[in-house]
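Descriptive structure summary
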Amino acid sequence: MTELVLGPREAGAVDARLAQAALLDLAMEEAGAAVAAAARNYPDGPVLLLAGGGANGGDALVAARHLHVQGREVTVLAAPPTHELARLNRRRLRAVGVSIRFLTPEAVQRFARGAALLVDGLLGTGFRPPLRPPLATLIEAVNAAGCPVLSIDLPSGLDALSAEAPLPAVQADSTVTLMGWKPALLFGTAAARAGRVTLAPLTVPPGWVHEAALAGRPADAEVGALLPRRQPDAHKGTAGHVWVLGGHPGTTGAPAMTGVGALRAGAGLVSVHSLADIPLVMPELMIRRHRSWASAFSTMESQRPDAVVVGMGLGPQAAEVARRVLSWEVPTVLDADALQPELAGLGHASCLWTPHPGEAARLLNTSTAELTRHPLDAARALQQRLGGVVVFKGGPSVVAHEGGLSVARGGHPGMASAGMGDTLSGVLGALLGQGLLPWAAAVAGVRLHARAGERAAATHGYGLSASDVAQELGGAWRDLRGPS
Ligand SMILES: NC(=O)C1=CN([C@@H]2O[C@H](COP(=O)(O)OP(=O)(O)OC[C@H]3O[C@@H](n4cnc5c(N)ncnc54)[C@H](O)[C@@H]3O)[C@@H](O)[C@H]2O)[C@@H](O)CC1
Ligand SMILES: Nc1ncnc2c1ncn2[C@@H]1O[C@H](COP(=O)(O)OP(=O)(O)O)[C@@H](O)[C@H]1O
């Protein structure tokens, strides 16, 4: 099932209406119960719960009640309530016999000493940076507590929408996030603050979640269903002929890696066209060396591939070559040197653009830091500028198309190595060549590549190479699609 990536949602806007307030009360009850259940994964011993004044603090108060009723020793430190449900849950907590103490950094320090777990319910999606001073000191006390920290919804101090972790922010061992993923839990230094994240979906009206949804996060079964199914009488002519145009003296490995990626992702035939000598890394690749791109295009004129991948190591002529390729109007992946601002607006609906943050900054004339801080906004902006489908690469990659945004699952930090993107562009070309629509090729291709990375990392860890990943593409396909 597709999980959703959510933006901040104003709990206050809903509790104005009575029925919705009742639903929110139920949602908070479920949230607190999910947090209490997660707390049971930690060793026995006293639990220290910190509750801010908003609904995030309300969740912590509910969790405290559940833990207390289950016989766990709890200490609750709470800020004065600013949210009606935080007020209500203070009364409920007192009614079951739990006293509530003032929330101060000194109290955190004192009660953390004997605690087996600290539950952080200070700030959730309602936090708006910058952090006001009393909270900053509290967060510092949490990080100095010396016991494991479980955060509710997201670590306090993180801006739910940003990939950047401001200082101070809570460093959690685990996070129970509610209803959907927040960008801060998926990207950048912010995600590193969350520790192990589990999702508590909550039985809230679907409208609440969809109203706040920024992106989808498809499950493997959904991605697997997108992958092409091959008939028993398939032959190389029906599995797609992919042309790879790239390479330049000094960067000849890149198009070779793309060719390998395409073959390993099921392309029937792969031809690599270049002006340079491309290494024959797999004898199944058909290497075509040309004297000039003008003569290459004259020999290509009479044929058309099922898909083209252009740009890897192509050098200074890349924009010109890509412009010519775009005029063919066949499904096209534009990667690396073909990702030039002057091509914006010249693409067609079957174009798939695959910038990493550096290339994206060149395309949008902005800084890499600005784009990586807000990867969903970056992917959307790139799609609006370029058209077609965009894969904004990273850990994880984001796919942007007219229908919305999709964040890939998985991958491995070992994939941060040369040639990894070349392999991906080959995978994407192969899927386009096998007839997938560009958005489906992008969603399926990034997950296939990430899954292959996970498999290869099991053997190679951080010593992972793009060739290792390419070798695992067949296994990754089987993982996602099943054995057919
Ligand atoms: N929206 C929903 O449907 C649900 C929301 N829930 C919880 O509600 C949370 C959001 O609740 P709220 O909107 O009440 O917000 P929060 O509880 O996240 O934050 C509001 C509190 O933070 C303080 N605050 C905000 N910015 C600050 C700053 N810069 N410096 C210091 N203090 C600051 C406010 O004064 C207020 O006390 C979610 O994260 C989640 O934990 C859950 O109860 C489940 C259902
Ligand atoms: N930390 C990571 N987690 C998951 N995937 C990653 C990570 N780092 C890199 N990748 C993936 O590896 C690829 C790198 O692409 P790119 O930077 O274009 O490489 P190159 O230019 O060397 O071919 C992208 O598909 C990206 O999503």
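Being a predicted model, the structure only gives us computed values, none of them experimental.

A short note on the site of ligand 2
Taken together, 18 residues surround ligand 2, and among them G395, G411, M415, M420 and G421 come closest. Among the elements of the structure, α16 (420-433) and α17 (438-460) are those that each provide at least two residues to the shell around ligand 2. Per element, the largest residue contribution to the shell around ligand 2 is four residues, and it comes from α16. Classifying every residue of the shell around ligand 2 by side-chain character gives seven nonpolar, nine polar and two charged.

Notes on the site of ligand 1
Contacts to ligand 1 come from 33 residues, most closely from G53, G54, A55, G124 and G126. Counting residues per element, the shell around ligand 1 draws most heavily on helix α3 (residues 55-69), which supplies five residues. Residues of the shell around ligand 1, tallied by class, amount to 16 nonpolar, 11 polar and six charged.

Regarding the confidence of the model for the protein chain
Per-residue confidence for the protein chain averages 96 on the pLDDT scale, and 98% of its residues sit at or above 70. Within the protein chain, no element has a lower average pLDDT than helix α1 (residues 11-15), which sits at 53, and none a higher one than strand β6 (residues 149-152), at 99. This prediction of the complex comes with two scores: 0.95 for pTM and 0.94 for ipTM.

Concerning the pairing of strand β5 (residues 117-121)
A regular strand places its side chains on the two faces of the sheet in alternate fashion. Of all five residues that make up β5, five are buried, and the element is covered over most of its length. Of the two faces of β5, both are covered, the one formed by L117, V119 and G121 as well as the one formed by L118 and D120. Pairing geometry for strand β2 (residues 47-51) and β5, over five bridges, is parallel. Paired with V47 across the bridge in β5 is L117.

Details of the sheet that holds strand β8 (residues 196-200)
As summarised here, the arrangement of the seven strands in space is β4-β3-β2-β5-β6-β7-β8, forming an open sheet in which the pairing is parallel. Every interior strand has two partners, whereas the edge strands, β4 (100-102) and β8, have only one. Taking the axes of each pair of neighbouring strands and ignoring which way they run, one obtains an average angle of 25° across the sheet. In this sheet, β8 lies alongside strand β7 (residues 174-178) in parallel orientation, the contact comprising five bridges.

Parameters at a glance
Within each chain, residue numbers correspond to sequence positions counted from 1 in written order. Key to labels: chains lettered from A, ligands numbered from 1, both in the order written. In keeping with the predicted nature of the model, local features appear solely for residues at pLDDT of at least 70, side-chain atom pairs appear and are counted solely at 80 or more, and the whole-chain, interface and lining totals rest on all residues. In this analysis, residues qualify as near a molecule or strand once their C-beta atom, positioned from backbone atoms, comes within 6 Å of it. The numbering of helices and of strands both runs from the N terminus, where a helix is a DSSP run of H or I of at least 4 residues and a strand a run of E of at least 2. Basically, the charged four are Asp, Glu, Lys and Arg, the nonpolar ten are Ala, Val, Leu, Ile, Met, Phe, Trp, Tyr, Cys and Pro, and anything else, Gly included, counts as polar. For every residue, the predictor assigns a confidence score, pLDDT, that lies between 0 and 100. A residue is called partly exposed when the number of other C-beta atoms within 10 Å of its own lies between 12 and 20, exposed at 12 or fewer, and buried at 20 or more, with C-beta atoms placed from the backbone. Here the rule is simple: two strands pair whenever DSSP picks up at least two bridges between them. Fitting a line to C-alpha atoms yields each axis, with helices limited to the stretch in contact; the angle taken between N-to-C directions then spans 0 to 180 degrees.

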